[in-house]
Amino acid sequence: MRIVVLGAGVVGVTAAWYLAQDGHEVTVVDRHEGPALETSFANGGQISASYAEPWANPEAPAKVLKWLGQEDAPLLFRLRLDPRQWRWGLQFLLECLPSRTRRNTIQCLNLALYSRDCLRELRRATGIEYDQLERGILTFYTDPKEFGHGVAAAALMREFGCDRDVKSVDQCVAIEPALAACRDRLAGGIFTVSDESGDAQRFTRELAQLAAARGVAFRWNMTVESLASEGDAIAGVRCFNEEHRQELLAADAYVMALGSYSPFLLAPLRVPCLIYPAKGYSATIAIEDHRGAPTVSLTDLAWKIVFTRLGDRLRVAGTAELSGYGKELNHVRCEALIRRTFELFPDAGNRQTPQFWTGLRPATPSNVPLLGRTRYRNLFLDTGHGTLGWTMACGSARALADLIAGRKPGVEFAFT
Ligand SMILES: Cc1cc2nc3c(=O)[nH]c(=O)nc-3n(C[C@H](O)[C@H](O)[C@H](O)COP(=O)(O)OP(=O)(O)OC[C@H]3O[C@@H](n4cnc5c(N)ncnc54)[C@H](O)[C@@H]3O)c2cc1C
């Protein structure tokens, strides 16, 4: 089949890879001049399959209310006159019901664990390199009460097949010696030895090259304007091409992987897609000859930020702001990231030259991505991966390729 994949973030490129493996003739379209130049550019780098529970949970509404108006809050709703934001917010509240939380946790966890296996398989098959580390993820707590909640959550998540190990302060420092610098602040940690980390942008770039070598065509600087439908099928994609001319790309099937921008293309077709951008920040710090940067990927639960070693760089990422599509850097948030990093790890790297970045997570209210079929027989969704697009990309792509080929996907998941 001829298949057009819309979007060359980590999700679109992995979809293209698995579809090409099945022998399809694949074309990927993106408005940038290369892969992973939007949300997949400088994320937290964690393959955090064991931490796949959704933001929406019974405790979330109280926390969100408490954080309203607080500039450096981990999750901040900036209320706007935007009906889509309000619809998203109301649905988010519904997803906080215990029964919904349980269902969403199972969906996310199934897909994330499956995806981690697919990534390992892909790595074995291709030898792809992307500053990956298979050293687990350690979540550390600075508040004893929060640690108590973490221990209870670990017991619950073990029921779902997640290997979360509770660690004392000494054990945390033994796992990641850089934590010795902030030992007296720590209350304990939870370690997931089977989780991983790596540079999502580098991975996407390398995979795009491997895919191109196997015949996948990439059309860069090509903006998707709309999808043309005919009855129950998509007839083509209307684009502005690299020469600023209109072009209709026709294929047998289409995969929507435009991340946060997917709703704009799907709304005219009346395909439901409740995705809203959750803006996040990262700072990339050059380690140079400093000795105090962690190597095990860490999550600082109090601040909801992650630290990931990417070769000779330390990536610090986190926070979420539901405030529309603006990508301007808020200096309060940037400074907060750096301040926290150097409070915990005074010798982590060069404090003067961090590279700040912001990206728009394509978030669904439930955190469960939109993956599968639509009312159009040749249009498929692979979007809405929110906080976990890097973690879930390979599994989503593999499952989608199975669906398109008429095979049963190897993961239990509520496909659309
Ligand atoms: C601060 C931060 C930290 C994060 N940390 C992690 C982490 O540690 N682990 C994890 O698993 N996930 C993490 N994520 C989430 C992850 O980065 C995203 O889920 C993932 O990058 C989404 O990938 P995507 O391919 O769906 O979207 P994108 O990477 O945004 O790709 C969409 C593509 O569509 C293109 N596009 C959009 N509209 C058009 C159009 N009209 N025409 C043509 N092209 C178009 C864009 O150019 C873009 O290339 C983090 C995100 C942020 C912001």
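Here the structure is a predicted model, which means the values were calculated and not measured. (Residues numbered from 1 in each chain as written. Predicted model: local features only at pLDDT ≥ 70, side-chain atom pairs only at ≥ 80, totals over all residues. Heavy atoms only, no water.)

Student: Can you explain the site of the ligand? Please cite residues and give values.
Tutor: As a matter of local geometry, the ligand sits amid 33 residues, with Asp-30, Ser-40, Gln-46, Gly-386 and Thr-391 nearest to it. Arg-31 has a polar backbone atom sitting 3.1 Å from a nitrogen atom of the ligand. Take Val-224: an N or O atom from its main chain is 2.8 Å from a nitrogen atom of the ligand. At the level of secondary structure, the elements contributing two or more residues to the shell around the ligand comprise helix H1 (10-21), strand S10 (223-230), strand S14 (276-286), strand S18 (355-363) and helix H10 (389-405). Its residues placed into classes, the shell around the ligand shows 12 nonpolar, 17 polar and 4 charged. (Near = heavy atom within 4 Å. Polar contact = N/O pair within 3.5 Å; in protein donor to acceptor, adjacent residues only side chain to side chain. Helix = DSSP H or I, 4+ residues; strand = E, 2+ residues; numbered from the N terminus. Nonpolar A, V, L, I, M, F, W, Y, C, P; charged D, E, K, R; others polar.)

Student: Tell me about the packing of H1 against helix H7 (residues 200-213), and name the residues and values.
Tutor: Packed helix pairs are specified by the crossing angle of their axes together with the interaxial distance, meaning the distance between the axes. Direction vectors running N to C along H1 and H7 enclose 30°, while the axes themselves pass 9 Å from each other. Considered as vectors, H1 and H7 are oriented roughly parallel to each other. As H1 packs across H7, the resulting crossing turns out to be left-handed. Residues Val-10, Val-13, Thr-14 and Trp-17 of H1 touch H7, and the partners they reach there are Phe-203, Thr-204, Leu-207, Ala-208, Leu-210 and Ala-211. (Axes fitted to C-alpha atoms, helices over the stretch in contact; angles between N-to-C directions. Parallel < 35°, antiparallel > 145°, perpendicular 65-115°, else oblique. Left-handed = near helix turned anticlockwise from the far one by under 90°. Contact = heavy atoms within 4.5 Å.)

Student: Explain the pattern of salt bridges residue by residue, including any values.
Tutor: Under the definition given, this model contains 26 salt bridges. For Asp-131, the salt bridge is made with Arg-313, and the minimal N-O distance between the two is 3.1 Å. Of the two residues, Asp-131 is situated in the loop between helix H4 (98-126) and strand S5 (137-141) and Arg-313 in strand S17 (residues 313-322); the sequence distance between them amounts to 182 residues. With a relative accessible area of 23%, Arg-313 lands in the partly exposed category. One network of salt bridges, with partners in common, ties together Asp-22, Arg-398, Asp-402 and Arg-407. (Salt bridge = Lys/Arg side-chain N within 4 Å of Asp/Glu carboxyl O. Buried < 20%, exposed > 50% of the residue type's maximum accessible area, 1.4 Å probe, protein only.)

Student: Can you break down empty space enclosed by the protein residue by residue, with the values?
Tutor: The full count for this structure, using the stated rule, is 1 cavity of 30 Å³ or more. There is about 40 Å³ of room inside the largest cavity. Lining the largest cavity, in full, are Asp-72, Trp-303, Thr-319, Arg-333, Ala-336 and Leu-337. Element by element, the count of residues in the lining of the largest cavity is highest for helix H9 (residues 331-344), at 3 residues. Of the residues in the lining of the largest cavity, the class split is 3 nonpolar, 1 polar and 2 charged. (1 Å grid on protein atoms, 1.4 Å probe; cavity = no way out; pocket = protein on both sides within 12 Å on 5 of 7 lines; lining within 4 Å. Points joined across faces, edges and corners; volume = space filled by probe spheres on them.)

Student: With reference to specific residues and values, describe the packing of aromatic side chains.
Tutor: Each aromatic ring pair is specified by the distance between its two centres and by the angle formed by the two planes. What the rule picks out here adds up to 14 aromatic pairs. The interplanar angle of 45° and the centroid separation of 6.4 Å between the aromatic rings of Phe-41 and Trp-357 together place this pair among those described as tilted. Placement of the pair is Phe-41 in the loop between strand S2 (25-29) and strand S3 (46-47) and Trp-357 in strand S18, with a sequence separation of 316 residues. What makes Trp-357 buried here is its relative accessible area of 16%. Relative to Trp-88, the ring of Phe-77 lies with its centre 6.1 Å away and its plane at 55°, an arrangement referred to as tilted. Taken together, the residues Phe-77 in strand S4 (residues 75-77) and Trp-88 in helix H3 (residues 83-95) connect sequence positions 11 residues apart. Judged by relative accessible area, which is 1%, Trp-88 ranks as buried. Members of the aromatic cluster, joined through ring pairs, are Phe-77, Trp-88 and Phe-92. Above the ring of Tyr-261, the side-chain terminus of Arg-31 is found at 4.3 Å from the ring centroid. (Phe/Tyr/Trp six-rings, centres within 6.5 Å; stacked < 30°, edge-to-face > 60°. Lys NZ or Arg CZ within 6 Å of the ring centre and 35° of its normal.)

These figures capture arrangement, not role.
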